Amino acid sequence: MPTQTAATGANASLRVQASITAKREGRLLTEPEIAGVVGDFVAGRIPDYQMAAWLATVACRGLNLDETAALTRAYIDGGDRLDLTRVGRPVVDKHSTGGVGDKATLVVTPIVAACGVRMVKMSGRGLGHAGGTIDKLESIPGLRLDLNTDEVYSVVDQTGMVITGQSSSLAPGDGATYALRDVTATVEDIPLIAASIISKKVAVGADGLVLDVKTGEGALIRGQDGARALAQTMVALARRFGLRSQAILTDMSEPMGRAVGNALEVKEALNVLRGEEVPGLSAPCRVLARALLQSADPNLSGIEADQRINRVLKNGEAHDRFIHWATVQGAEPHVLEEPDRLPTAPCVTPVFASRDGWVHRVSPRAIGSAAVRVGAGRLSARAPLDHAAGLVVHHRVGDRVDAGDVLVEIHHSWGNINAAVQEATQAFVIGDEPCPPTTQVHEVIT
Ligand code: URA
């Protein structure tokens, strides 16, 4: 961040103090006021401690939709925007609020592209119990995830899709404030989350956006009411910026699919693209893919969209599209043709059921935390990852298990894994009564 300039810094400091006071006293902030605070912070004219106080006051007192739109605009200001007219219309985009084992982008993007709809996806890294798409894809040898704008256009032109790291030049205000929010407990606030996510999506500039808003223990906002409120805010906000969007509330009360951990998740995504039905993963991915196809063509019926999706999964086009895209972006093709050549952990430790019964709970936070313990995730932004490490969860809520059945396999390198075994064991609750499986798709919000 640029260093603070004393002359203009004094005015900026007074402006941010006035804005903090106004919000604390319950006044609505104006668009120029919000633009001024964010612009001054990005330019280094106000220090972190004042911006942290502003964010905390906003998180406590709230922002209405006008203020949230002003914040979104302020985040985008001064940053780059993609010009997707260069790759042909329509182009769609998706965003997930994140969760454990969420590899939906790896499955859905090639399905949508194989159905003839271009998809541009800028993704992030994981922190804490939830993984990030870029970390998962980094387990593919050679794959480049730092494309510049011209490379983005070129890859979409050649393959109909692109997945790359989030460019810091899009929505610079979000990048600058996100790091502060992360250390001041101001991430989990609906207007701040909505402005952060929608600013990046508006800067990408797709024609249609599908928001996968997670709800449940492993989600950013756990309760369904809060997740719904976040979804409604994001859809309304996107509409203000002319971005057609819908949100799907999906379940994160247990991990998505079986694999949790980077290379393990890539392998599982490739299996789904080859036509395998993976419980807890295939069904929500189909719903997301259908919504994306319909966002590109509002006249397309759900039945037609499903037929297209089934066709590209059955005839191998979705799988081939993934390989073609990854190869164009630098991946070594033979590794993806034979996924066993992706990073593989030297040790696999099973965790067994201690009793007979029905699975009542598989805690995504405990599974995610066990994955962090073996190096599949990180607790601080720069921590290195073990791309081969992770967990494969063999049972879902509602399954019948017998004592001695394998509940989870932990994939890891040599060393002590007692803590991971303990967390993986504690993730499971097995009860005497049968238990219904989890509902995977809760609501669609348009
Ligand atoms: N993801 C984002 O991009 N921003 C947030 O504020 C939270 C999750």
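Scroll up to find the structure.
If you're wondering where the values come from, they're calculated on a predicted model, not measured in any experiment.

K.L.:
Is there a simple way to explain the overall build of the protein in this structure?
P.N.:
Check the secondary structure of the protein and you find 17 helices and 13 strands. Relative to its length of 446 residues, the protein is compact, with a C-alpha radius of gyration of 22 Å against a globular reference of 22 Å. Burial statistics for the protein: of 446 residues in total, 55% are counted as buried.

K.L.:
Just checking my understanding: could you explain unusual backbone geometry for this structure?
P.N.:
For residues besides glycine, phi is generally negative; the peptide bonds are generally trans as well. Residue proline 90 is reached from arginine 89 by a cis peptide bond, and omega for that bond is -10°. Along the chain, proline 90 turns up in the loop between α4 (65–76) and β1 (91–96). You will see that alanine 171, though not glycine, has its phi angle at about 50°, which is positive. In this structure, alanine 171 sits in the loop between β3 (161–165) and α8 (172–183). Of note, the phi angle at alanine 185 is positive, near 55°, even though the residue is not glycine. You can see alanine 185 is positioned in the loop between α8 and α9 (190–204). A residue is classified by how much of its surface remains accessible, and alanine 185, at 76% relative accessible area, is exposed.

K.L.:
Hey, could you run me through helix α14 (residues 317–328) in this one?
P.N.:
Residue pairs three or four apart in sequence face the same way in an α-helix, which turns once every 3.6 residues. For α14, spanning 12 residues, the distance from its first C-alpha to its last is 16 Å, which sits close to the expected 16 Å at 1.5 Å a residue. If you check which residues of α14 are buried, you get Ala318, His319, Phe322, Ile323, Trp325 and Ala326. All buried residues of α14 lie within an arc of 165° about the axis, which places them on one face of the element. Two residues or fewer after α14 comes glycine 330, characterised by a positive phi angle close to 105°.

K.L.:
I would appreciate a short explanation of the packing of helix α5 (residues 104–114) against α14 in the present structure.
P.N.:
For any two helices packed against each other, one specifies the inter-axial angle together with the distance between the axes. Two elements in contact, α5 and α14, have axes whose closest approach is 8 Å; the angle formed by their N-to-C orientations is 105°. By the angle between their axes, α5 is roughly perpendicular relative to α14. Residues Leu106, Pro110, Ile111, Ala113 and Ala114 of α5 pack against Glu317, Ala318, Arg321 and Phe322 of α14. Its residues assigned to classes, the contact of α5 with α14 comprises seven nonpolar, no polar and two charged.

K.L.:
What exactly am I supposed to notice about the side chain of aspartate 135 here?
P.N.:
Relative to the elements of secondary structure, aspartate 135 occurs in helix α6 (residues 133–137). By relative accessible area, which is 3% here, aspartate 135 ends up buried. In terms of polar contacts, aspartate 135 uses its side chain to reach the side chain of arginine 125, at 2.9 Å. The contact partners of aspartate 135, leaving out residues within four places of it in the chain, are Arg125, Gly126, Asn262, Arg378, Leu385 and His387.

K.L.:
It is not clear to me how the environment of asparagine 64 should be interpreted in this structure. Could you clarify?
P.N.:
For asparagine 64, the location among the structural elements is in the loop between α3 (48–61) and α4. Through-space distance from the C-alpha of asparagine 64 to that of proline 191 is 7.8 Å; in sequence the pair is 127 residues apart. A polar atom in the side chain of asparagine 64 sits 3.0 Å from the backbone nitrogen of aspartate 66.

K.L.:
What should I look at first to understand the site of the ligand in this one?
P.N.:
In the vicinity of the ligand, the contacting residues are Tyr178, Arg181, Ile193, Ser196, Ile197, Lys200 and Leu220. The side chain of serine 196 places a nitrogen or oxygen atom 2.6 Å from a nitrogen atom of the ligand. In this structure, an oxygen atom belonging to the ligand sits 2.5 Å away from a side-chain N or O atom of lysine 200. Alone, the ligand offers 240 Å² of accessible surface; in the complex the protein occludes 87% of this. It is α9 that contributes the most residues to the shell around the ligand, four residues altogether. Grouping the amino acids of the shell around the ligand by side-chain chemistry returns four nonpolar, one polar and two charged.

K.L.:
Teacher, can you tell me more about the sheet that holds strand β9 (residues 390–393) here?
P.N.:
Whenever strands of a sheet pair, they do so through backbone hydrogen bonds, lying parallel or antiparallel. Strand order in the open sheet made by the four strands is β6-β9-β11-β7, with antiparallel pairing throughout. One side of each edge strand has no neighbouring strand; the edge strands of this open sheet are β6 (259–260) and β7 (347–352). Across four bridges, the pairing between β9 and strand β11 (residues 406–412) is antiparallel. Following the sheet pairing, glycine 390 is matched in β11 by histidine 411. Contacting β6, β9 and β11, helix α16 (residues 364–373) crosses the sheet at an angle of about 145° to β9.

K.L.:
Sorry if this is basic, but what is going on with the side chain of aspartate 212 here?
P.N.:
Looking at the secondary structure, you find aspartate 212 in strand β4 (residues 208–215). Exposure remark for aspartate 212: the relative accessible area of 1% places this residue in the buried category. A distance of 2.5 Å separates the side chain of aspartate 212 from the side chain of threonine 250, its partner in a polar contact. Every residue in contact with aspartate 212, bar those within four places of it in the chain, is listed here: His95, Ser96, Thr97, Asp102, Ile248, Thr250 and Leu288.

K.L.:
Please explain the sheet that holds strand β10 (residues 400–401) as it appears in this structure.
P.N.:
Taking strand neighbours across the sheet as the criterion, the three strands line up as β10-β8-β12 in an open arrangement whose pairing is antiparallel. One side of each edge strand has no neighbouring strand; the edge strands of this open sheet are β10 and β12 (428–431). The sheet contact formed by strand β8 (residues 357–362) and β10 spans two bridges and is antiparallel. Looking across to β10, one finds that tryptophan 358 is bridged to arginine 400. Seen against the sheet, helix α17 (residues 418–427) touches β8 and β12 and runs at an angle of roughly 40° to β12.

Rules behind the numbers
Residues numbered from 1 in each chain as written. Predicted model: local features only at pLDDT ≥ 70, side-chain atom pairs only at ≥ 80, totals over all residues. Heavy atoms only, no water. Helix = DSSP H or I, 4+ residues; strand = E, 2+ residues; numbered from the N terminus. Rg over C-alpha atoms; globule rule 2.2 N^0.38 Å. Buried < 20%, exposed > 50% of the residue type's maximum accessible area, 1.4 Å probe, protein only. Expected span 1.5 Å × (residues − 1). Arc of directions from axis to C-beta. Axes fitted to C-alpha atoms, helices over the stretch in contact; angles between N-to-C directions. Parallel < 35°, antiparallel > 145°, perpendicular 65-115°, else oblique. Contact = heavy atoms within 4.5 Å. Nonpolar A, V, L, I, M, F, W, Y, C, P; charged D, E, K, R; others polar. Polar contact = N/O pair within 3.5 Å; in protein donor to acceptor, adjacent residues only side chain to side chain. Near = heavy atom within 4 Å. Areas by Shrake-Rupley, 256 points an atom, 1.4 Å probe, with all protein chains shown as cover. Pairing = 2+ DSSP bridges.

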